[in-house]
Amino acid sequence: MKKKISLLGSTGSIGIQSLDVCEKAGYEVCALAANTDSASVEKQARKFKPKTAAMADEKAAADLKIRLADTDIRVLSGIEGVCECAAQQEADTVIDAIVGLAGLRPAMTALNAKKTLALANKEALVAGGKLVLDAAKNNGVRILPVDSEHSAIFQCLEGRPTNGALKKLILTASGGPFFGMTREQLQTVTAADALRHPTWKMGAKITIDCATMFNKGLELIEAHFLFGVAPEKIDILVHRESIIHSMVEYDDNSVVAQLGVSDMRIPIQYALTYPERFPSPVKELDLAEVASLSFYKPDYETFDCLNICKEAIGKGGLFPAAVNSANEEANRLFREGKIGFNDIPKAIRTAFKVTPDKTDFTLEDVFEVDKLARTAVHSSLGIG
């Protein structure tokens, strides 16, 4: 039976690559959702002919409605429209490639609609935590990782021993564009500098997160939730070539790794074809051409965002959601040239002071702490 996909975040890097995978695999795209780029969604909609398209931005939705007036495609608006795409009746799998906390409510909607969730939005699981896991469990559906690192771990855990012999997970990190630099050297770097990632081509927000290493901290938290592994059993290793996407170590000290070229279409396709594997549009890995692989310990002193994420998951509750929202705001301010690179972790730390210390929380609690954290960032930086 042909797989039917609802794609949220269709105009971003993951969204565009997901459409490439769907086209080559012959999957039907039932729904498309994006934020503001109505022109791109129009092109995608005319090519893939979904039943529904949604724009989170109201003005963009109005524009898309005009652009698609000659078609039978239903155009929706706002977060409600995006969530309707997440619950699209015809779809069996929802790809959540929305950037940031905005992907949480659609992820919950998809799970509650009993859809398989191919999750590329790490912030949804970081902020929602147990809420997201419970939604998947209660509805009897799976969350399949799309992040290259979590897909790698997922693949390495296939066929794992049943006797609990897992020793640790090892997340690899490229180190970003500022690998080896000191905090003093980072004082003068710009957003343009930070956006020059050495390996991956991604959106602006996640590329800045890679430069601060906050992205790797998010991945540590996500791995904790996805695989049920204690944070202290998750290591981070800088691997500049981005060929080994992550590893798993067992009690006998055997290490299993997943390797491949730096192309997100591999984990996207595996999430959609699981548990099967099919030919991929990605080129074959030539290790002789790569020649050598290097590994380094992360610089926790210079890149404090790693420590922040470890502290947040150690505290649990709403703290991961709070630091995630604080980072989203600090990341945006840095991209706009309003703060310096080293101001980012300082601003994120202010979220700890305003976060309610509660173990049990609701979805509305997450969105409330989101507001508190963003306000704290602005207050700490003296920005109105």
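Residues numbered from 1 in each chain as written. Predicted model: local features only at pLDDT ≥ 70, side-chain atom pairs only at ≥ 80, totals over all residues. Heavy atoms only, no water.

Draft legend 1. Layout of the overall build of the protein chain. Looking only at helices and strands, the protein chain features 18 helices and 11 strands. Its C-alpha radius of gyration of 20 Å places the protein chain within 12% of the 21 Å reference for a compact globule of 384 residues. C-alpha extents for the protein chain along the principal axes are approximately 55 × 50 × 40 Å. Pairs at least 24 apart in sequence give 67% of the contacts found in the protein chain among residues at least 6 apart. (Helix = DSSP H or I, 4+ residues; strand = E, 2+ residues; numbered from the N terminus. Rg over C-alpha atoms; globule rule 2.2 N^0.38 Å. Contact = heavy atoms within 4.5 Å.)

Draft legend 2. Seen up close, the sheet that holds strand β4 (residues 74-77). The strand order across the open sheet formed by 7 strands is β4-β3-β2-β1-β5-β6-β7, and the pairing between neighbours is parallel. Edge positions in the open sheet fall to β4 and β7 (143-145), since each of these has one partner strand only. Taken pair by pair, the neighbouring strands of this sheet meet at an average axis angle of 20°, ignoring direction. Where strand β1 (residues 4-8) lies against strand β2 (residues 28-34), 5 bridges are found, and the strand directions are parallel. Bridged to K4 within β2 is E28. Along the sheet, helix α5 (residues 104-112) makes contact with β1, β5 (93-96), β6 (116-119) and β7, crossing β6 at roughly 150°. (Pairing = 2+ DSSP bridges. Axes fitted to C-alpha atoms, helices over the stretch in contact; angles between N-to-C directions.)

Draft legend 3. Summary view of the packing of helix α1 (residues 13-25) against helix α12 (residues 265-273). Interhelical geometry of α1 versus α12 gives an angle of 60° and a closest axis separation of 9 Å. Comparing the axis directions of α1 and α12 gives the class oblique. At the point where α1 passes α12, the crossing takes the right-handed sense. Taking contact as the criterion, the partners of I14, Q17, S18, D20, V21 and C22 in α1 are, on α12, R265, I268, Q269 and L272. Residues of the contact of α1 with α12, tallied by class, amount to 5 nonpolar, 3 polar and 2 charged. (Parallel < 35°, antiparallel > 145°, perpendicular 65-115°, else oblique. Left-handed = near helix turned anticlockwise from the far one by under 90°. Nonpolar A, V, L, I, M, F, W, Y, C, P; charged D, E, K, R; others polar.)

Draft legend 4. Region of interest: the packing of aromatic side chains. Evaluated as defined, the whole model comprises 7 aromatic pairs. Residues F334 and F341 carry aromatic rings whose centres are separated by 5.6 Å and whose planes lie at 70° to one another, so their mutual orientation is edge-to-face. Site record: aromatic cluster; members linked through ring pairs are F154, Y270 and Y274. When the ring centre of F319 is taken as reference, the NZ or CZ atom of K315 above it lies at 5.2 Å. (Phe/Tyr/Trp six-rings, centres within 6.5 Å; stacked < 30°, edge-to-face > 60°. Lys NZ or Arg CZ within 6 Å of the ring centre and 35° of its normal.)

Draft legend 5. Spatial organisation of the sheet that holds strand β11 (residues 255-259). Taken in spatial order, the 4 strands line up as β9-β8-β10-β11 in an open sheet, and their pairing is mixed. Pairing within the sheet leaves two strands with one partner each, and these edge strands are β9 (234-238) and β11. Within this sheet the neighbouring strands show an average axis-to-axis angle of 20°, counted without direction. Both strand β8 (residues 166-173) and strand β10 (residues 244-250) contribute to a ladder of 5 bridges, which runs antiparallel. Bridge assignment links L171 to a residue of β10, and that residue is S246.

Draft legend 6. Here's a closer look at the environment of G340. The topology assignment puts G340 in the loop between α15 (319-335) and α16 (343-349). Between the alpha carbons of G340 and D37 there is a distance of 28 Å; along the sequence they are 303 residues apart.

Draft legend 7. Structural context of the pattern of salt bridges. This model, assessed by the stated rule, comprises 29 salt bridges. Between D235 and K168 there is a salt bridge, with the nearest N and O atoms lying 3.0 Å from each other. One end of the pair, D235, is in strand β9; the other, K168, is in strand β8, with 67 residues separating them in the sequence. Given a relative accessible area of 23%, K168 falls into the partly exposed group. Measuring nitrogen to oxygen at the nearest pair gives 3.7 Å for the salt bridge that ties K168 to E249. On the criterion of sequence distance, the pair formed by K168 in strand β8 and E249 in strand β10 is long-range, its members being 81 residues apart. (Salt bridge = Lys/Arg side-chain N within 4 Å of Asp/Glu carboxyl O. Buried < 20%, exposed > 50% of the residue type's maximum accessible area, 1.4 Å probe, protein only.)

Draft legend 8. Representation of unusual backbone geometry in the model. The peptide bond linking Y274 to P275 adopts the cis configuration, its omega dihedral lying at 5°. If you trace the backbone, P275 turns up in the loop between α12 and α13 (287-290). For M213, which is not glycine, the phi dihedral falls at a positive 75°. Here M213 is to be found in the loop between α10 (204-212) and α11 (214-227). According to the relative accessible area criterion, M213 is buried, its value standing at 5%. You will see that S242, though not glycine, has its phi angle at about 55°, which is positive.

Draft legend 9. Highlighting the pairing of β5. In β5, alternate side chains face the same way, and those of T93 and I95 on one face and V94 and D96 on the other are all buried. As defined by bridge partners, β1 adjoins β5 across 4 bridges and the pair is classed as parallel. Its bridge partner being in β5, S6 is matched across the sheet by V94. Sheet topology places β5 next to β6; 4 bridges connect them, and they run parallel. Of the residues in β6, the one forming a bridge with V94 is L117. Assessed by its sense of winding, the connection that carries the chain from β5 through α5 to β6 is right-handed. (Right-handed = clockwise from strand over helix to strand, strands pointing away.)

Draft legend 10. A look at the nonpolar core. Counting 118 residues, the largest nonpolar core has L104, L169 and I348 as the members making the most contacts within it. The greatest single-element share of this core, amounting to 8 residues, is contributed by α15. The contact partners of L104, leaving out residues within four places of it in the chain, are A124, G128, V132, L363, V366 and F367. (Core = buried A, V, L, I, M, F, W, Y, C linked by side-chain atoms within 4.5 Å.)

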